[in-house]
Amino acid sequence: MAEEKTLQEKMLKVVFELKAPKNQRNNFGKYNYRSAEDILEAVKPLAIKNGLLPNLSDEVVVIGDRYYIKATASISDGKETMKSEAYARESEIKKGQDESQITGTASSYARKYAMNGLYLIDDNKDADTDEYKQQNDSAKPKKVTKTQATALNKKISSLAELVNSKTDEEVTGQKMAEKLTEHSFLRVIPIEQLDSEQYTTVNRKADEWEKAYKSKK
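Residues numbered from 1 in each chain as written. Predicted model: local features only at pLDDT ≥ 70, side-chain atom pairs only at ≥ 80, totals over all residues. Heavy atoms only, no water.

A short note on the packing of helix α5 (residues 146-166) against helix α7 (residues 196-214)
Thinking step 1. Direction vectors running N to C along α5 and α7 enclose 25 degrees, while the axes themselves pass 10 Å from each other. In terms of axis orientation, α5 runs roughly parallel to α7. Like other packed secondary-structure pairs, α5 and α7 cross with a definite hand, here left-handed. Side by side, α5 and α7 meet where Q148, L152, K155, I156, L159, L162, V163 and K166 of the first sit next to Y199, V202, N203, A206, D207, W209, E210, Y213 and K214 of the second.
Thinking step 2. Among the residues making up the contact of α5 with α7, the classes are represented as 10 nonpolar, 2 polar and 5 charged. (Axes fitted to C-alpha atoms, helices over the stretch in contact; angles between N-to-C directions. Helix = DSSP H or I, 4+ residues; strand = E, 2+ residues; numbered from the N terminus. Parallel < 35°, antiparallel > 145°, perpendicular 65-115°, else oblique. Left-handed = near helix turned anticlockwise from the far one by under 90°. Contact = heavy atoms within 4.5 Å. Nonpolar A, V, L, I, M, F, W, Y, C, P; charged D, E, K, R; others polar.)

Here is the structure:
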């Protein structure tokens, strides 16, 4: 009676036989690439032949103040499971896409990278890897303007005066700004160096603290 193969042995056969050509074409960037769907379709028949079940799952996770899609690619023989995880950040703004499309784009990239890791596919030099980075870089929040920084510093100075009047503390505007950024981001960031997202967070936090101290007797 033949000895039953382990999951690792079956996976080695899948990896060895796996062929996932770059059948997709980006006409704008003039390059070929493979998608998550291409990899999965190539894996399915090999997995079935070796008595394995591939699976993909997503979940939204928050890291710092940004949302990421965490994708998990796994394969199981019913007893053991091997898996690989990958993350892709949701862009705050993506021209021409609604929220579901933005999430879908991040999911596709995260799933692709997770499967790359699980099935030992080297995509480091793929053009679409750079394209996704460029798409996200273009959507990165911009630095605050001088006018915004001045207005926020003024609000923070007023907040510091309010805190001083309600407590025994002696807080300067600078110290209050440091407290606000450290509380929001676990590190001190000068107001002038905030990006637009961080500016919104600190501005909202300042309003919350002002409301809380005003209600203090």
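Digging into the side chain of S74
Thinking step 1. Summarising the element assignment, S74 is placed in strand β4 (residues 66-76).
Thinking step 2. The buried category is assigned to S74, whose relative accessible area is 13%.
Thinking step 3. Not counting residues within four places of it along the chain, the set of residues in contact with S74 comprises L53, P54, N55, T81, M82, K83, L118 and Y119. (Buried < 20%, exposed > 50% of the residue type's maximum accessible area, 1.4 Å probe, protein only.)

Section: a nonpolar patch on the surface
Thinking step 1. A surface patch of nonpolar side chains, about 300 Å² in accessible area, is lined by V60, V62 and Y67.
Thinking step 2. Positionally, V60 belongs in strand β3 (residues 53-63). (Patch = residues over 30% accessible without salt bridge, like charges linked within 9 Å, V, L, I, M, F, W, Y side chains within 5 Å. Areas by Shrake-Rupley, 256 points an atom, 1.4 Å probe, with all protein chains shown as cover. Salt bridge = Lys/Arg side-chain N within 4 Å of Asp/Glu carboxyl O.)

What to know about the sheet that holds strand β5 (residues 81-89)
Thinking step 1. Overall, antiparallel pairing links the 3 strands, which are arranged β3-β4-β5 in an open sheet. Each end of this open sheet is capped by a strand with a single partner; those strands are β3 and β5. Neighbour-to-neighbour, the strand axes of the sheet open up by a mean angle of 20 degrees, direction not taken into account.
Thinking step 2. Where β3 and β4 come together, 11 bridges link them in antiparallel fashion. Bridge pairing links P54 to I75 in β4. (Pairing = 2+ DSSP bridges.)

Thoughts on the pattern of salt bridges
Where charged atoms from two side chains of opposite charge approach closely, those side chains can pair.
Thinking step 1. The full count for this structure, using the stated rule, is 11 salt bridges.
Thinking step 2. Where E59 meets K70, a salt bridge forms, and the shortest distance between an N and an O atom there is 3.7 Å. Of this pair, E59 sits in strand β3 while K70 sits in strand β4; the two residues are 11 residues apart in sequence, bridging distant segments of the chain.
Thinking step 3. The class for E59 is partly exposed, based on a relative accessible area of 40%.
Thinking step 4. Owing to a relative accessible area of 16%, K70 belongs among the buried residues under this scheme.
Thinking step 5. Three or more residues joined by partner-sharing salt bridges are found here, namely E59, K70, K83 and E85.

Quick word on the environment of G64
Thinking step 1. Looking at the element boundaries, G64 is found in the loop between β3 and β4.
Thinking step 2. G64 sits in the exposed class, given a relative accessible area of 73%.
Thinking step 3. The spatial distance from the C-alpha of G64 to the C-alpha of S184 is 9.1 Å, given a sequence separation of 120 residues.

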